Amino acid sequence: MDSRNDKIMGSLLGLAIGDALAAPARGLKPETIQQLFKQMDGFKDVRPFLGKGVKRYRMRGLYGAQTQLALAVCDALLIDKKAGIEAVAERLRELSSGGPEGRFGMYRSPEGVCVRALESLVNRDELLDCELKSATLSFSTMAIPAALYYQKTSATLLRLWLETSLMMSRHLWEATGAALTGFATLQLLDLEAPSEDETPERVAEILKAMIAFCAEVNATFKDLFPEAAAETNEKLFKGFTVTLEGLLERFDEPEAELFAWISKNASEFAGVEIRHPNQGHPLTLIPLALILLSRVHGFSSVMTQGLNMGRETEKIGSLLGAWAGAWYGEEAIPQEWRTGLVNAREIKSRGKALARKGNANGLKELYELESGATSKNYQEEKKYVQTPTTRKASGRDVLPDIWSVDGDDDEHKKPLRDDPIQRRKFERDKARKKKDRRKNLPSDMDFF
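Residues numbered from 1 in each chain as written. Predicted model: local features only at pLDDT ≥ 70, side-chain atom pairs only at ≥ 80, totals over all residues. Heavy atoms only, no water.

Labelled according to an unreviewed UniProt entry, the protein chain appears under the name ADP-ribosylglycohydrolase, originating from Candidatus Nitrohelix vancouverensis.

## Focus on the nonpolar core
Note on soluble globular proteins: their nonpolar side chains tend to be buried together. The cut-off we apply is this: Definition of nonpolar core: a set of buried residues of the types Ala, Val, Leu, Ile, Met, Phe, Trp, Tyr and Cys, connected through side-chain atoms within 4.5 Å. Whether a residue is buried, partly exposed or exposed follows from its accessible area with a 1.4 Å probe, protein chains only, as a fraction of its type maximum: under 20%, in between, or over 50%, in that order. A run of DSSP states H or I qualifies as a helix once it reaches four residues; a run of E qualifies as a strand once it reaches two. Both are numbered from the N-terminal end. In what follows, a contact means two residues having at least one pair of non-hydrogen atoms within 4.5 Å.
Ranked by internal contacts, the top residues of the largest apolar core, which has 145 residues, are Leu92, Trp161, Met167 and Leu341. Take this core: its biggest share by element is 11 residues, from helix H8 (residues 172-189). Apart from the residues lying within four places of it in its own chain, the contact partners of Trp161 are Ala143, Ala146, Ala147, Ala179, Gly182, Phe183, Leu186 and Phe213.

## Quick notes on the side chain of Ser165
Note the following rule: Polar contact is the term for a pair of N or O atoms within 3.5 Å; when the atoms are in protein, one must be able to donate a hydrogen and the other to accept it, and sequence-neighboring residues count only if both atoms are side-chain atoms.
Tracing the chain through its elements places Ser165 in helix H7 (residues 155-166). For Ser165, a relative accessible area of 1% puts it in the buried group. Within polar-contact distance, the side chain of Ser165 engages the backbone oxygen of Glu174 at 3.3 Å. Not counting chain neighbours up to four residues away, the residues in contact with Ser165 comprise Glu174, Ala175 and Ala178.

## Describing the environment of Lys348
Assignment of secondary structure puts Lys348 in helix H17 (residues 344-355). For Lys348, the residues in contact, after removing those within four places along its chain, are Met9, Leu13 and Glu330.

## Focus: a negative patch on the surface
Applied cut-off: The patch calculation keeps residues exceeding 30% relative accessible area without a salt bridge and links them within 9 Å when they carry like charges or within 5 Å when they are nonpolar (Val, Leu, Ile, Met, Phe, Trp, Tyr). Every accessible area reported is derived by Shrake-Rupley at a probe size of 1.4 Å, with residue values counting cover from the shown protein chains alone. By definition, a salt bridge exists where a carboxyl oxygen of Asp or Glu is found within 4 Å of a side-chain nitrogen of Lys or Arg. His is not counted, nor are the chain ends, whereas Lys and Arg count as positive and Asp and Glu as negative. For charged residues, the charge sits on one atom: NZ in Lys, CZ in Arg, CG in Asp, CD in Glu.
Taken together, the side chains of Glu126, Asp129, Glu131 and Glu227 define an acidic patch exposed on the protein surface. Exposure remark for Glu126: the relative accessible area of 56% places this residue in the exposed category.

## Some thoughts on the packing of aromatic side chains
We count it as follows: Aromatic rings from Phe, Tyr and Trp, with only the six-membered ring used for Trp, were paired whenever their centres fell within 6.5 Å, and each pair was classed as stacked if the ring planes differed by under 30 degrees, edge-to-face if by over 60, and tilted otherwise. We count a charge as sitting over a ring when the NZ of a lysine or the CZ of an arginine lies within 6 Å of the ring centre and within 35 degrees of the ring normal.
Taken as a whole and judged by the stated rule, the model has 11 aromatic pairs. Measuring from centroid to centroid gives 6.0 Å for Phe104 and Tyr107, while their planes differ by 25°, and the two rings are stacked. A network of ring pairs unites the aromatic residues Trp161, Phe183 and Phe213 as a single cluster. A cation over a ring is seen here: Arg108 above Tyr63, with NZ or CZ 4.9 Å from the ring centre. Sitting above the plane of the Phe237 ring, Lys222 keeps its charged end 4.4 Å from the centroid.

## Thoughts on the pattern of salt bridges
Here the structure, examined in full by the defined rule, presents 25 salt bridges. With a closest N to O distance of 2.5 Å, Asp80 and Arg91 form a salt bridge. Taken together, the residues span a long stretch of sequence, with Asp80 in helix H3 (residues 65-80) and Arg91 in helix H4 (residues 85-95) at a distance of 11 residues. Sharing partners across several salt bridges, the network here consists of Glu198, Glu201, Arg202 and Glu205.

## A few points about the confidence of the model for the protein chain
Selection criterion: The pLDDT score gives, residue by residue, the confidence of the prediction method on a 0 to 100 scale.
With 86% of its residues at a pLDDT of 70 or more, the protein chain shows a mean pLDDT of 88. Low confidence marks residues 388-418, where pLDDT is under 50. Its contacts with residues over four positions away, or in another chain, come to 51 contacts. For the stretch residues 441-448, pLDDT sits under 50, and the model shows four contacts to residues farther than four places along the chain or on other chains.

## A word on helix H12 (residues 255-270)
Heads up, the rule is: A helix is expected to span 1.5 Å multiplied by its residue count minus one.
Its 16 residues place the ends of H12 22 Å apart at the C-alpha level, agreeing with the 22 Å of an ideal helix rising 1.5 Å per residue. For H12, the set of buried residues is Leu258, Phe259, Trp261, Ile262, Ser263, Asn265, Ala266, Ser267 and Phe269. Considering only its buried residues, H12 is in contact with H8, helix H11 (234-249) and helix H13 (282-295). The first or second residue beyond H12 is Gly271, which carries a positive phi of 80°.

## Description of the environment of Asn123
Along the chain, the position of Asn123 falls in the loop between helix H5 (112-122) and helix H6 (143-150). Counting along the chain gives 30 residues from Asn123 to Arg93, while the straight-line C-alpha distance between them is 9.2 Å. Of the polar contacts made by the side chain of Asn123, one reaches the backbone oxygen of Glu119; its length is 3.3 Å.

## Some remarks on unusual backbone geometry
Peptide bonds are trans in most cases, and residues, glycine excluded, mostly fall at negative phi. At Lys38, a residue that is not glycine, the phi angle is positive and equals roughly 70°. Residue placement: Lys38 occurs in the loop between helix H2 (30-37) and H3. Within the chain, Asn343 stands out as a residue other than glycine whose phi angle is a positive 65°. Structurally, Asn343 is set in the loop between helix H16 (335-340) and H17.

## Overview of the environment of Ile85
Among the secondary structure elements, Ile85 is positioned in helix H4. When its relative accessible area of 6% is taken as the criterion, Ile85 is described as buried. Distance in space between the C-alpha atoms of Ile85 and Val73 is 8.2 Å, their sequence separation being 12 residues. In this view, Ile85 contacts Leu127, Leu128, Leu160, Glu163, Thr164 and Met167; residues no more than four positions away in its chain are not counted.

Next comes the structure, spelled out in structure tokens:
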């Protein structure tokens, strides 16, 4: 296989593998990970630990929402070509529909911020008119397929990175984090896999390029999205530049001191206490991933090291997996991880299509792909989890559909699964109906 194609395949496959490896350790402290799993060096069976540290069942090798968001962008690029974020939104909305009882559509373990963003997207006509302003690096993986498709930086690609992120959150750091994620992926694609001695120097070069790129991101953000920029103070515009410059200055310091600085720096900018570099924040997770990439050599080693740290494992796992895959290539990923990943064949087919920028013939439709995996995971979960599970991802229990009315038989008229165009149209029309009902409700109605 061509070296560049191998790296593109490695990046997309690495993203999904990192996400799947990370699932059992999500939210756990390092000490708990060591007690339960010894170390995160493979796909773990969570069944013995349900209710004893692990809260949610996940099949071995099954990825979650981080990869699903990326696959929505991937399929929009491959199938709809230059349709832009409209095609991405269609797939995200589609995955929000159906699904097992008590779950958010076909998404697997989405965090609360992700659920709120998707709920808003379902009922929103103007895609960039997003009210959510979160900075959690929840949507950075959506930049990776675009990087792998275009394969070089351009004004078109930067705009797509920013628009894709702004569709989910209006926070500058979320958008900048996504753009930097995609930019670093491109930098790693252009570098040969390093020797162990070369690794720190190569990452330092990427870090310097990322610092310069921050200025371009800020200027583009102000130019293309003036309303969002008007809501953003200058301290936020400086956040990533100052953080990456500070990281470069301290690049050779001991790991413990660097981690402490990452947390302190993010706390000062965010105005809230951040105690760990692997907490869910753009100003912590991107610097952490760069440090791990520079100090640990090889795909499997860097993944194990990052996931052993616990907490936001799915974010750091998918980010590290995409970056390490882009640097070391698919062949560097352990064979048991490549074969143990659920839907590996379909993801590899998408990687091949990204490498050649098209010819998506034969790809399994995304909704069908994800609904199959979600349903199987749910059926297995029911065997091992005795108590009913309730969705908490959006910060509340699942509520009945209070907007449905008698005689509304939309569900009975739902298009067949083998007609994706009609199904997406149906879901969009249904969302608009619900929105109209909200507008027409009496103001004194009280449901709670």
